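The lines below spell out each chain.
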Amino acid sequence: MSVHEAVIDWSRGDQPFADNLYSRGHDWRFDGGAVVRGSSAPSSVPAPMSDAAAVDPEEALVAAVSSCHMLFFLAFARKDGFVVDSYRDAASGLLDRDPRGRMSMTVITLRPAVVFSGESRPDAAALTDLHHRAHGACYIANSIHAEVRIEPA
C-alpha cells in the first residue's frame, strides 16, 4: 500500500465569481516539486475561462493510463530479455454518456509504437502478451470503468 498526493491550487484573485466568467486555470503541485498548469477543457468551458495550453483532467486521465501501461510494458519487456529503444503512444479518450447516462470517459485507446533492438525481439504473439500483461498490471487501468483498448502500431 502507498499514498500518492497532489495539491490543486486555484485562487479567484480579483475576478468576479457570480457571473461564471472566472478563470478555471489552476496549478497541480506534486511532491517531487513539479508544478503543472491545469484548467478545464475548452470543450467543457470555453476560452478565455479555460486555458487551452494547460492540462485538463480528461487529458490527464488519458496520459495517466498511457503512462502506467508503458511503465509496466517496459518492465515486462526487460524481464523477458527484450531491449526497448523507444515507446510512443498517441493515446486518446472518448468522453461520452455511459450506461448510467452520466458523462464519463467511456473508452481510452492506447496506440503504442514500440521500437526494439538487440538479438531477441518479440514476435506478434509475444508483443500481444506484453501488452496484455501490462494492461492487467496497470494500477490506473484497474481503477477506472472506461474500456481500455490497445491498438499497437
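Quantities reported herein were computed from a predicted structural model and do not represent experimental measurements.

Draft legend 1. Just helix H2 (residues 124-137), in detail. Helix length check: H2 (14 residues) gives 20 Å between terminal C-alpha atoms against 20 Å at 1.5 Å per residue, within 8%. If you check which residues of H2 are buried, you get Leu130, His131 and Ala134. Within H2, the buried residues cover an arc of 90° as seen down the axis, which keeps them to one side. Turned more than 90 degrees off the buried face of H2, the exposed positions are Ala125, Thr128 and His132. Packed against the buried residues of H2 are helix H1 (57-79), strand S4 (83-89), strand S7 (112-117) and strand S8 (147-150). Where H2 begins, the capping side chain belongs to Asp123, and its oxygen is found 3.2 Å from the backbone nitrogen of Ala125.

Draft legend 2. Representation of the nonpolar core within the structure. Membership of the largest hydrophobic core comes to 20 residues, with the highest contact counts inside it found for Phe72, Phe73, Ile108 and Leu130. Of all the secondary-structure elements, those providing two or more residues to this core are H1, strand S6 (103-110), S7 and H2. Each residue touching Leu130, except ones within four places of it in the same chain, is listed here: Phe73, Phe76, Ala77, Asp80, Phe82 and Pro122.

Draft legend 3. View of unusual backbone geometry. Here the amide bond leading from Ala47 into Pro48 is cis, since omega sits at 10°, within 30 degrees of zero. Structurally, Pro48 can be placed in the loop between strand S3 (35-38) and H1. One non-glycine residue, Asn20, lies in the positive phi region at around 65°. Accessibility expressed as a relative area gives 43% for Asn20, which makes it partly exposed.

Draft legend 4. View of the pairing of S3. When strand S2 (residues 26-30) meets S3, the two strands line up antiparallel, connected through four bridges. Note on S3: the bridge partner recorded for Asp27 is Arg37. Counting the residues that bridge the hairpin from S2 to S3 gives four residues, and of these Gly33 lies at a positive phi of roughly 105°.

Definitions and limits used
- Residues numbered from 1 in each chain as written.
- Predicted model: local features only at pLDDT ≥ 70, side-chain atom pairs only at ≥ 80, totals over all residues.
- Heavy atoms only, no water.
- Helix = DSSP H or I, 4+ residues; strand = E, 2+ residues; numbered from the N terminus.
- Expected span 1.5 Å × (residues − 1).
- Buried < 20%, exposed > 50% of the residue type's maximum accessible area, 1.4 Å probe, protein only.
- Arc of directions from axis to C-beta.
- Contact = heavy atoms within 4.5 Å.
- Polar contact = N/O pair within 3.5 Å; in protein donor to acceptor, adjacent residues only side chain to side chain.
- Core = buried A, V, L, I, M, F, W, Y, C linked by side-chain atoms within 4.5 Å.
- Pairing = 2+ DSSP bridges.

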